[in-house]
Amino acid sequence: MSRAKCIMVQGTMSGAGKSLLCTALCRIFAQDGYRVAPFKSQNMALNSFVTRDGLEMGRAQVVQAQAAGMEPDVRMNPILLKPSSDVGSQVIVNGEVRGQMPAAAYFKLKKSLIPDILAAYDSLAEEVDIIIIEGAGSPAEINLKADDIVNMGMAALVDAPVLLVGDIDRGGVFAQLAGTLMLLEEEERRRVKGLVMNKFRGDKKILEPGLDQLYDICHVPTIGVIPYTRLDIEEEDSLAESLLQTALPDETDMRLDIAVIRLPHISNFTDLDALARLDGVRVRYADRAEQIQTPDLLILPGTKNTIDDLKWLRRTGLESPILNCARKGIPVLGICGGYQMLGNEIDDSCGAETGEVVPGLGLLPVKTVFSLEKHRTRVKGRICAQSGIWGSVSGCECTGYEIHMGESRICEENAQGFIQLTNQSDLSTRADGCVRENVAGTYLHGIFDEVGFCGRLIETLCRQKGRNSAVSGQMSFWEYKQREYDKLADVIRENMDMEYLYRVMGLA
């Protein structure tokens with residue numbers, strides 16, 4: 001097989017639409033019969049995923065791989081940074097933790113990671129026809145360009161043609177695109193083969209004179225004006241619109257009300273996507289005590305900093321309404337870091353986070369002891385809970401993955417586990433999580449993805465409220481995602497010059 005062709009998508013800023021355009025191109029080229037792989041040399045995200053071989057990668061490339069019909073592979077994202085503070089991150093290289101580093105230390109290190117980046121890219125390039133490369137932030141960050149390994153630095157390493165995406169919905173898109181190009185070096189500007197305006201609302205005819213003027217200024221054609229389109233495709237961390245859904249339901253809203261605590265270091269909130277897409281279900285986020293109220297289900301999600309976020313719960317007054325919900329019999333579910341918070345104690349004597357031993361919320365008879373080694377595995381299991389609302393889902397199958405530091409052990413005789421798990425790597429079985437009445441905790445990310453568990457839980461919650469559930473008969477979450485990828489591909493095909501793109505890539 002000859003070496004793969006490639007195209008790189010860069011943006012004028014974070015949130016311009018790079019990830020979605022890469023997802024669309026993965027789908028389009030796969031539909032056209034090519035074997036396609038996504039690639040991002042360095043991703044900064046708290047939403048991560050465990051591959052079949054137990055390695056960790058960013059979820060943006062997982063989504064793109066799914067759109068391409070490929071199994072997610074850590075080579076698609078060789079460097080993952082998981083922010084743990086405003087000035088530091090956990091650095092993951094080739095799926096394994098390299099260490100916790102302040103920003104300055106990582107900047108000194110990152111050029112030494114170029115061999116890892118190229119090894120991953122070159123390996124993929126021998127196995128596929130096309131690689132869709134995603135940049136990060138903006139290529140015009142002049143203070144960072146000297147050590148760049150993710151934008152024009154990456155493009156130079158693999159001689160990639162570049163598309164530059166601007167966000168017209170935020171305003172100033174002509175300045176975004178022209179200004180970005182003006183801040184590039186001449187050799188970098190020559191790499192930019194096309195401009196794309198994303199999230200356009202209105203009459204394109206009004207825009208066309210500006211496109212001609214932009215070409216006269218930049219001498220780069222605008223090959224796509226993408227209309228603002230509402231699609232339900234997994235989002236990046238801090239820019240996700242779903243996290244902004246905070247309004248309390250009014251009296252006329254008959255949907256199930258699911259409240260999620262928006263923790264400062266919230267991670268893997270994509271666990272909630274399968275719930276949010278269901279008819280008759282409303283998922284909202286709460287970061288103030290008065291926003292919790294009396295939901296039908298309260299969820300404490302994953303977090304990169306369990307102890308800091310537990311302290312934040314107490315400092316902001318959120319602990320009290322969480323405990324009140326549990327006392328009232330409202331179902332409470334903790335996932336990963338949220339599960340750890342629900343227990344009696346978190347022991348970080350090893351110094352994985354703060355080095356402290358702190359009391360948990362005391363809703364589950366569990367003690368968590370952190371370790372410096374990260375647990376990563378893909379699992380499947382069956383709900384084994386017998387009490388409270390969780391007994392109604394007993395026997396339901398679930399699949400997902402675990403990413404966590406340390407272990408949580410039940411410290412009360414006769415306390416119940418939540419799920420009987422089977423590791424997909426060695427087929428060993430073990431218990432996960434804990435249940436006490438209507439409070440439950442688990443380490444399983446993706447627990448709502450299986451329609452059996454999710455559907456039965458929603459049906460039970462609906463019955464408690466005297467409502468009918470419309471979950472049965474709905475397509476699986478996997479089928480739903482595939483439909484959204486096809487819709488995205490259709491939008492891009494209709495509004496971008498794909499023939500020109502094929503020529504730029506040397507495929508026409």
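Keep in mind that what you see is a predicted model, and the values were worked out from it rather than measured.

Section: the sheet that holds strand β9 (residues 130-134)
No. 1: Judged by pairing direction, the sheet is parallel, and its six strands sit side by side in the order β2-β9-β1-β10-β11-β12 without closing on themselves. What marks the edges here is a single partner per strand, and that holds for β2 (36-39) and β12 (222-227). The sheet shows a mean angle of 20° between the axes of neighbouring strands, direction not considered.
No. 2: As paired strands, strand β11 (residues 192-200) and β12 are joined by four bridges and run parallel to one another. Residue pairing in the sheet places Val 196 in a bridge with Gly 224 of β12.
No. 3: Where helix α4 (residues 114-125) meets the sheet, it contacts β1 (5-11), β2 and β9, and its direction lies at approximately 170° from that of β2.

Here's the deal with the nonpolar core
No. 1: Formed by 89 residues in total, the largest nonpolar core has its most connected members in Leu 25, Phe 29, Ile 131, Ile 133 and Met 496.
No. 2: Those residues in contact with Ile 133 that lie beyond four places of it in its chain are Cys 6, Ile 7, Met 8, Val 9, Cys 22, Phe 39, Tyr 121, Met 154, Val 158 and Ala 160.

Topic: the packing of helix α2 (residues 59-68) against helix α14 (residues 477-495)
No. 1: With their axes 10 Å apart at the nearest point, α2 and α14 run at an angle of 80° to one another. By the angle class used here, α2 and α14 are roughly perpendicular. Seen from α2, the contacting residues are Val 63, Gln 66 and Ala 67; seen from α14, they are Trp 478, Lys 481, Gln 482 and Tyr 485.
No. 2: When the residues that make up the contact of α2 with α14 are grouped by side-chain class, the tally is four nonpolar, two polar and one charged.

Observations regarding the packing of helix α1 (residues 18-31) against α14
No. 1: One way to put it is that α1 packs onto α14 with a least axis distance of 8 Å and a crossing angle of 95°. By the criterion of interaxial angle, the relationship of α1 to α14 is roughly perpendicular. Within the contact between the two elements, α1 uses Leu 20, Leu 21, Thr 23, Ala 24, Arg 27, Ile 28 and Gln 31 and α14 uses Gln 482, Tyr 485, Asp 486, Leu 488, Ala 489, Ile 492 and Arg 493.
No. 2: Here the contact of α1 with α14 is built from residues that sort into eight nonpolar, three polar and three charged.

Rules behind the numbers
- Residues numbered from 1 in each chain as written.
- Predicted model: local features only at pLDDT ≥ 70, side-chain atom pairs only at ≥ 80, totals over all residues.
- Heavy atoms only, no water.
- Pairing = 2+ DSSP bridges.
- Helix = DSSP H or I, 4+ residues; strand = E, 2+ residues; numbered from the N terminus.
- Axes fitted to C-alpha atoms, helices over the stretch in contact; angles between N-to-C directions.
- Contact = heavy atoms within 4.5 Å.
- Core = buried A, V, L, I, M, F, W, Y, C linked by side-chain atoms within 4.5 Å.
- Buried < 20%, exposed > 50% of the residue type's maximum accessible area, 1.4 Å probe, protein only.
- Parallel < 35°, antiparallel > 145°, perpendicular 65-115°, else oblique.
- Nonpolar A, V, L, I, M, F, W, Y, C, P; charged D, E, K, R; others polar.

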